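The lines below spell out each chain.
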Amino acid sequence: MLRSCTAGLRSLWALRGRREGAARLSADLQPARRLFSTEKAVHKDWALPNPSWSKDLKLLFDQFMKKCEDGSWERLPSCKHTCTYKSEDFKTYFLDPQLVEGEGLSQAQLFTRGFEDGLGFEYVIFNNNDEKRTVCLFQGGPYLQGIPGFLHGGAIATMIDVAFGSCAAISGGAVMTANLNINFKRPVPLCSVVVIHSQLDKLEGRKLFVSCNVRSVDEKTLYSEATGLFIKLDPKKSST
Ligand SMILES: CCCCCCCCCCCC(=O)SCCNC(=O)CCNC(=O)[C@H](O)C(C)(C)COP(=O)(O)OP(=O)(O)OC[C@H]1O[C@@H](n2cnc3c(N)ncnc32)[C@H](O)[C@@H]1OP(=O)(O)O
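- Per an unreviewed UniProt entry, the chain carries the name Acyl-coenzyme A thioesterase THEM4 and comes from Ovis aries.
- You can read under Sequence similarities (unreviewed entry) in the UniProt record for the chain the words "Belongs to the THEM4/THEM5 thioesterase family."

### Examining the side chain of S192
At step 1: Considering the arrangement of structural elements, one finds S192 in the loop between β4 (175-184) and β5 (193-204).
At step 2: A distance of 2.7 Å separates a polar side-chain atom of S192 from the backbone oxygen of P189.
At step 3: If near-sequence neighbours (up to four positions away) are discounted, S192 is found in contact with F138, Q139 and G140.

### With respect to empty space enclosed by the protein
At step 1: Overall, the coordinates contain one cavity of 30 Å³ or more when judged by the stated rule.
At step 2: Volume-wise, the largest cavity comes out at about 80 Å³.
At step 3: Lining the largest cavity are 12 residues, and of these W46, R113, F115, F121 and E122 sit closest to its centre.
At step 4: Split by residue class, the lining of the largest cavity holds three nonpolar, four polar and five charged.

### Quick look at the nonpolar core
At step 1: With 30 residues, the main nonpolar core has C136, F138, I160 and I196 as its most contacted residues.
At step 2: Of all the secondary-structure elements, those providing two or more residues to this core are β2 (121-128), β3 (133-140), α6 (153-172), β5, β6 (207-216) and β7 (222-232).
At step 3: Excluding residues that lie within four positions of it along the chain, F138 makes contacts with L57, F121, E122, Y123, L144, L151, M159, S192, V193 and V194.

### Quick notes on the sheet that holds strand β1 (residues 74-76)
At step 1: Spatial ordering of the open sheet is given by β1-β2-β3-β5-β6-β7-β4, a layout of seven strands whose pairing is antiparallel. In the strand order of this sheet, the two ends are held by β1 and β4, each with one partner. When the angles between neighbouring strand axes are averaged without regard to direction, this sheet yields 25°.
At step 2: Strand direction decides the pairing type here: β3 and β5, joined by seven bridges, are antiparallel. Bridged to L137 within β5 is V195.
At step 3: The strands touched by helix α3 (residues 55-67) are β1, β2, β3 and β5; relative to β3, the strand with the most contacts, the crossing angle is about 160°.
At step 4: Its contacts with the sheet put α6 on β1, β2, β3, β4, β5, β6 and β7, and the angle it makes with β4 is roughly 135°.

What counts, and at which threshold
Residues numbered from 1 in each chain as written. Predicted model: local features only at pLDDT ≥ 70, side-chain atom pairs only at ≥ 80, totals over all residues. Heavy atoms only, no water. UniProt positions renumbered as here; feature names shortened; annotations may be inferred. Helix = DSSP H or I, 4+ residues; strand = E, 2+ residues; numbered from the N terminus. Polar contact = N/O pair within 3.5 Å; in protein donor to acceptor, adjacent residues only side chain to side chain. Contact = heavy atoms within 4.5 Å. 1 Å grid on protein atoms, 1.4 Å probe; cavity = no way out; pocket = protein on both sides within 12 Å on 5 of 7 lines; lining within 4 Å. Points joined across faces, edges and corners; volume = space filled by probe spheres on them. Nonpolar A, V, L, I, M, F, W, Y, C, P; charged D, E, K, R; others polar. Core = buried A, V, L, I, M, F, W, Y, C linked by side-chain atoms within 4.5 Å. Buried < 20%, exposed > 50% of the residue type's maximum accessible area, 1.4 Å probe, protein only. Pairing = 2+ DSSP bridges. Axes fitted to C-alpha atoms, helices over the stretch in contact; angles between N-to-C directions.

This is how it looks when you write it as structure tokens:
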């Protein structure tokens with residue numbers, strides 16, 4: 001597996017130059033635009049296949065895109081740089097956009113999208129609004145190694161947080177993670193694909209309780225289980 005990772009790396013570096021090519025603007029941003037849309041110019045959508053995606057990831061992606069056809073599922077687009085969220089709640093809570101764009105923070109980008117294609121987090125999230133659940137297809141690249149040959153636990157936690165965040169945001173709008181509990185049951189092989197099934201279990205005032213499991217593509221291996229608490233931001237409060 002490590003050998004195939006190295007070979008993959010070589011081809012990934014070869015692909016680097018192509019990366020900033022024409023933006024893969026999706027024709028199917030769908031209703032998720034409500035939460036994730038941008039007011040600024042054009043943001044590339046990273047939740048789409050690129051040449052680093054394995055056969056497993058592409059296959060699963062295609063299966064879920066099929067499920068999107070009847071509208072029961074939607075693919076959530078994902079941008080790398082600051083999205084201008086439509087929710088007014090974000091504006092009261094987060095830093096002044098002028099500060100964010102100022103010196104030092106001008107390079108800010110979403111943690112999970114800060115790697116070259118295939119080296120870090122490759123993922124796409126699908127949402128089923130009626131069932132209040134999401135499915136995240138995740139391929140963890142070679143820069144996410146912990147124990148040799150396996151994904152770092154922090155990388156798994158990060159991906160779970162993102163999957164949870166999306167699941168909670170669909171119902172809660174502007175949310176933040178208050179609590180994450182993860183049971184790591186089996187190590188995840190580096191460069192493999194896992195499926196994170198998240199669901200909203202309970203909504204209690206501003207509190208959104210979510211849970212997930214992380215499984216292999218064939219569903220035979222349960223890698224992790226987690227629960228999370230997300231809090232819908234109070235527009236009357238600020239973060240400082
Ligand atoms: C579209 C985007 C897509 C996004 C797609 C990408 C997703 C990226 C996901 C990354 C997400 C992050 O990294 S977020 C970054 C990591 N998280 C943080 O930095 C959060 C830091 N914490 C905070 O800022 C704050 O504590 C908040 C916002 C979480 C909550 O503060 P608050 O708004 O003042 O709320 P507060 O009154 O304290 O609490 C409200 C209720 O929740 C309960 N509560 C609060 N915290 C906890 C807790 N840890 N455990 C149990 N219960 C808690 C309180 O008891 C209360 O219950 P009751 O009295 O009402 O019963």
